[in-house]
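Breakdown of the fold
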Amino acid sequence: MMGKVTLRNLAAHKIRLVLTAVAVILGVAFVAGTLIFTDSMNKQFDELFSRVGANVAVDVRAKKVVDGDDDGMAAQPVPATVLKALQGVEGVKDPQGNVNGYAAVVGKDGKIVGTAQDGPPQIGANWTGGGSYDLKSGRAPQGPNEVVIDARTAEKGELAVGDTTRVVTAGPPANMRIVGLVDTGNLMGATLTAFDTPTAQRLMLKPGYFSDIEMGSTGVPESELRDRVARVLPAGMEAVTGEQLREESKSDIAQMMSFFRTFLLAFALISIFVGSFIIFNTFSMLVAQRTRELALLRAIGAARAQVTRAVIGEAVAVGVVGSTLGLAAGAGLASLLQSQMGDAGQGGLTFTATPVIWSYAVGILVTVVSAYFPARRAAKIPPVAAMRDDVALPQRSLRIRVALGSLLTLAGAGLIGVGLAGNGGNPAIPVGAGAFAVFIGVAMLAPVISVPVMKVLGAPFARLMGSPGRLARQNALRNPRRTAATAAALMIGLALITTVNVLGASMRASVDEQVDAQFGADYLVQAEGAGGVGAEVAQKIGSVPGVAAASPTYEGDAKIAGKKASYMSGDVPAVVKGANLEITSGGASIGGTGMMVDEKTAEDNGWKVGTAVPVQFTDGKTERLTVTGVYAKSDLIGSRIISQQAYLRHTVKPSVDAIVVDAAAPSAATKTAIESTLKDYPNLKVSDQASLKADARKQINGFVTFLTILLVMSVIIAAVGVINTLALSVIERTREIGLLRAIGISRRQLRRMVRLESIMIAVFGAALGMGIGVAFGAALQNALADQGLGVLAVPYGTLVVYLVVAAVIGVLAALWPAWRAGRMDVLKAISTE
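Since this is a predicted model, take the numbers as computed values, not measurements. Sequence order as written defines the numbering, with residues in each chain counted from 1. The predicted nature of this model means local features are confined to residues of pLDDT at least 70 and side-chain atom pairs, given and counted, to a pLDDT of 80 or more, with totals for whole chains, interfaces and linings taken over all residues. Excluded from the side-chain calculation are hydrogens and water; included are all heavy atoms of the structure.

1. Digging into the pattern of salt bridges
Put simply, the test is: The term salt bridge refers to a side-chain nitrogen of Lys or Arg lying within 4 Å of a carboxyl oxygen of Asp or Glu. Numbering of helices and strands runs from the N terminus; a helix is a DSSP stretch of H or I covering at least four residues, while a strand is a stretch of E covering at least two. The buried label goes to any residue with under 20% of its type's maximum accessible area, the exposed label to any with over 50%, and the partly exposed label to all in between, with areas taken from a 1.4 Å probe on protein chains only.
Under the criterion given, the structure shown has 16 salt bridges. Residues Arg697 and Asp512 are paired through a salt bridge, measuring 3.1 Å at the closest nitrogen-oxygen approach. Taken as a pair, Arg697 in helix H20 (residues 689-732) and Asp512 in helix H14 (residues 480-518) lie far apart in primary sequence, 185 residues in all. On the basis of relative accessibility, which here comes to 31%, the residue Arg697 falls in the partly exposed class. For Lys577, the salt bridge is made with Asp662, and the minimal N-O distance between the two is 2.8 Å.

2. Brief notes about helix H5 (residues 197-204)
For the record, the criterion: Any two residues whose heavy atoms approach within 4.5 Å are treated as being in contact.
The complete set of buried residues in H5 reads Thr199, Ala200, Gln201, Leu203 and Met204. At its buried positions, H5 is contacted by strand S4 (100-102), strand S6 (122-126), strand S10 (174-183), strand S11 (191-195) and strand S12 (209-210).

3. A few points about the packing of aromatic side chains
Keep this limit in mind: Stacked, tilted and edge-to-face pairs are distinguished by plane angle, under 30 degrees for stacked and over 60 for edge-to-face with tilted covering the rest, among Phe, Tyr and Trp rings (Trp via its six-membered ring) whose centres lie within 6.5 Å.
Under the counting rule described, the total for this entry stands at 6 aromatic pairs. With 6.5 Å between their ring centres and 50 degrees between their planes, Phe273 and Phe439 make a pair best called tilted. One end of the pair, Phe273, is in helix H7 (residues 242-289); the other, Phe439, is in helix H12 (residues 428-464), and 166 residues separate them in sequence. Both residues of the pair, Phe273 and Phe439, count as buried. Ring plane angle 70 degrees and centroid distance 6.4 Å describe the contact between Tyr567 and Tyr647, whose orientation is recorded as edge-to-face. Linking Tyr567 in strand S17 (residues 563-570) with Tyr647 in helix H18 (residues 644-649), this pair joins segments that are 80 residues apart in sequence. Through a chain of ring-to-ring contacts, the aromatic side chains of Phe273, Phe436, Phe439 and Phe776 assemble into a single cluster.

4. Things to note about the environment of Met204
Within the fold, Met204 resides in helix H5. In the structure, Met204 is positioned 104 residues away from Asn100 in sequence and 7.1 Å away in space, judged by C-alpha atoms.

5. Notes on the confidence of the model for the protein
The condition is simple: pLDDT is a per-residue confidence score from the predictor, ranging from 0 to 100.
With 88% of its residues at a pLDDT of at least 70, the protein reaches an overall mean of 83. Segment residues 68-74 is flagged for pLDDT under 50; beyond a separation of four residues in sequence, or across chains, it makes 9 contacts in the model. Contacts of residues 389-393 to residues separated by more than four positions or lying in other chains number 10 contacts, the stretch itself having pLDDT below 50.

So, in structure tokens, the structure goes:
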């Protein structure tokens, strides 16, 4: 019998439950889309790595002295003499040396083909006779002016076999003739440019050296062949099996995809968290409206457990439908995400059981948990309530709620503080748990907060809008719990969006301050891609009229006093001047065996001027460098500067990171002259103080926009919650609305009343969320102050826009409930019980 009751209730309240299901659909869509997308990308990477290096049994490479150093040019390359030694090892088949680095081609439009920055790699290599790739047309490169490129790059750049194109590497760009096109399959958006071996060594490494040496096997097991090869290798070299090599590559990608999946799932969980407020609110209102109906069920013999199961059954049905539709929407979302990946997302979608299981588990579980407490309240309705004309659930005291909410808010703030303090462990766990506790705590306090706030928000409406404004304010104040639960959903979304915007504004302000205070050079020349700057560029710039000096700078990694550390190197006096470094002790004359450190590094390690520090470079050799100077904190330079001579002594292929330019008389003409000199270098950019700020703002704005778009999903769900609450509220007040119409209120005034109530709820939620967001943003900025985020900036203009947007959301959310209220038949409404 109770099963039939559940089905009849679903049919009777289908519109209300559809709106509830929307919250489930949107939240589940985010979860399913993330899982489907990452599964699809993982499959594409697996297919790629199964093809690349499939025939490699053993690979010889330099040992990595500095953990995490994946720059092949920074590590020591393998001498060609090792290749000759390997040819005599029993079991080795077809050993060949590989040269890998950065290389890109310029298309017909004069621009580099492919993503210049923060995208798929632009691979330069030596052509070894095919390997993992086959020539699609043309032939292999055979001289210093010949190159083969992948077919997709040729198509994008409108290039063909026989064309001459400019090839960009870390050295001088060269004009080369395309003699062949390579079929690389799906390289996930990466580009391939290949030369003959001597040319590749000259451009990307050094003559007589390889990045690594790979070989097949004549039938000897990989592990045994590895051991044989290892016995003939010189110091500093290692041999690894082909299986280990492929697993390392897959592991790096798997780690990246795992982070990406976790990142997206965090936003999915936010959406589901917001949706749970809506589901809870909807079922609470449904139970309140069906008090008499449920009491009648109790009166005719239904047990408490049966009533509870009936309400939970409705929740399960909503969860199943919402999860099913959410899974379908998730597939569409995954397809959209793939389309934004360009060439990296051309492999189609992969469907596994994982997204299906998680979609239904999350959708049903969240719906049932959200409906559980309303279901329990339904079961406690006494049968005698069915005999009363005026029945309603009793309003409970807010004292326990206020006490618990205050405790949760304070505990959450404490957890956030612990996480941001960075006292070991993963800070995301206490910060996330703390934010969750704060949201729950504030949501519990919201009914108390809403009363004075709603009185203030409603005062202008009551004064300017007359009766509709006064009625709207009274309706919002009538049930603080309902108002607070509806506003809480919007609060969470706006709190997180505000946090992101406060961080973005603080980042922009901090960068502006850093550039103003620390950038003392006139111009900075950097590569927009991963190739670095050629050493000859400094000489070209130095010959430009109006340029006083052009000093190359380098970046590297080393083990300094036994710990991995990054450093800068170059002409130290030029670096000191270009970064406005404040030297607090010692001086900038570090010679060939010196180093400078900032004050914090010196204090943490107990160093002072004259201290000798052991430094192990990526070639495996160790030197003791003497601290010759200590300087004040510099976000642009970092914490260590090492002698340029020391860097060059331990680097086979030096890669210039940037060139600091000092002009005799800075002017637009001087900058134009430098850019004209570098016209053959399409990957180089000349920046002054203003353009450095503009570039930083562009990147920060992109980051803020990306996160805001992801968080908009939670705001959409919150808007659905406002619609749901108003629609149910209109149904609940059917008789009241009929009486208002009977005493003379017009349909227009009635619709205005519903809209104003919606606006007040939306603005209340937005204001509460923005207040929390500003607090979160300020806490994050304070915690990151030592890492470069030294300025707190609150984007007041943006927050005002968000407040206006919240009011617009309130107007839009009220359209359908207001229209429905205005169309009620007066006599039927008055006769409703």
